[in-house]
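Spelled out, the chains give:
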Amino acid sequence: MRIPLEEGNFWLRSQPGLALIAWQEALRRCDDSDAPGIFGLMRSAAPDDAAFRERLLEITDGRAALQMDWFLTLRPEAARPRIAEFTPIAAQCDARRRAAFSRRAAELDAQR
């Protein structure tokens, strides 16, 4: 998993599409216990670009924990309209992520 992760980091500045392909391979090679940490590295390295971040969500391949981690890092204006979409995903997550989602959803709702 480390080689495709590093390969993605290499491609990130010049060809971000290739970075996503490499990162998707890194996640495919991860077991569920390693995936959140690896995905966290990817999210941290990702450019501040909405389209890229959307594609980052796509490479989670339906892993609820990774999808929730992605949602929890969205800016409020991007997260607010997606609460309903992520509510069923939260139900599939562990107690910590469910609680974090509930707090975030309440905060976003209060900011309306």
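Look above for the structure.
Here's a quick rundown of the structure.

Criteria and cut-off values
Residues numbered from 1 in each chain as written. Predicted model: local features only at pLDDT ≥ 70, side-chain atom pairs only at ≥ 80, totals over all residues. Heavy atoms only, no water. Helix = DSSP H or I, 4+ residues; strand = E, 2+ residues; numbered from the N terminus. Contact = heavy atoms within 4.5 Å. Phe/Tyr/Trp six-rings, centres within 6.5 Å; stacked < 30°, edge-to-face > 60°. Buried < 20%, exposed > 50% of the residue type's maximum accessible area, 1.4 Å probe, protein only. Lys NZ or Arg CZ within 6 Å of the ring centre and 35° of its normal. Axes fitted to C-alpha atoms, helices over the stretch in contact; angles between N-to-C directions. Left-handed = near helix turned anticlockwise from the far one by under 90°. Nonpolar A, V, L, I, M, F, W, Y, C, P; charged D, E, K, R; others polar. Salt bridge = Lys/Arg side-chain N within 4 Å of Asp/Glu carboxyl O. Arc of directions from axis to C-beta.

### Thoughts on the environment of F39
Alright, step 1. Mapping F39 onto the fold places it in helix α3 (residues 35-45).
Alright, step 2. Sequence separation between F39 and Q24 is 15 residues, and the spatial gap between their C-alpha atoms is 9.6 Å.
Alright, step 3. Non-local contacts of F39, meaning those with residues more than four positions away in its chain, are made with L27, L56, T60, L66 and W70.

### Re the packing of aromatic side chains
Alright, step 1. By the definition in use, this model includes 5 aromatic pairs.
Alright, step 2. On the basis of an interplanar angle of 75° and a centroid distance of 5.1 Å, the ring pair of F10 and W11 is categorised as edge-to-face.
Alright, step 3. According to the relative accessible area criterion, W11 is partly exposed, its value standing at 23%.
Alright, step 4. On the basis of an interplanar angle of 25° and a centroid distance of 4.8 Å, the ring pair of F71 and F86 is categorised as stacked. A residue pair is termed long-range when its members are at least 10 positions apart, and F71 in helix α5 (residues 64-72) and F86 in helix α7 (residues 83-91) qualify at 15 residues.
Alright, step 5. The exposure class assigned to F86 is buried, which follows from its relative accessible area of 1%.
Alright, step 6. Counting every residue linked through ring pairs, the aromatic cluster contains W70, F71, F86 and F101.
Alright, step 7. A cation sits over an aromatic face here: R104 above F71, 5.8 Å from the ring centre.

### Comments concerning the packing of α5 against α7
Alright, step 1. With their axes 9 Å apart at the nearest point, α5 and α7 run at an angle of 145° to one another. Of the two possible hands of crossing, α5 and α7 adopt the one that is left-handed. Taking contact as the criterion, the partners of A64, Q67, M68, W70 and F71 in α5 are, on α7, I83, F86, I89 and A90.
Alright, step 2. The residue makeup of the contact of α5 with α7, split by class, is 8 nonpolar, 1 polar and no charged.

### Quick look at the pattern of salt bridges
Alright, step 1. Applying the stated criterion across every chain, the model contains 8 salt bridges.
Alright, step 2. Across the pair R75 and D48 runs a salt bridge whose closest N-O atoms are separated by 2.5 Å. Residue R75 is found in the loop between α5 and α6 (76-79), and its partner D48 is found in the loop between α3 and α4 (50-58); the two are separated by 27 residues along the sequence.
Alright, step 3. By relative accessible area, which is 60% here, D48 ends up exposed.
Alright, step 4. Between D69 and R97 there is a salt bridge, and its shortest N-O distance comes to 2.7 Å. With D69 in helix α5 and R97 in helix α8 (residues 95-110), this residue pair connects regions lying 28 residues apart in the sequence. There is no split in this pair, since D69 and R97 are both buried.
Alright, step 5. Shared partners join several salt bridges into a network, and the residues in it are E25, R28 and R29.

### Focus: α4
Alright, step 1. Looking at α4, one finds that the buried residues are F52, L56 and L57. Buried residues of α4, viewed axially, fall in a sector of 150°; they line one side. Those residues of α4 that are exposed and aimed more than 90 degrees away from the buried face are A50, A51 and E58.

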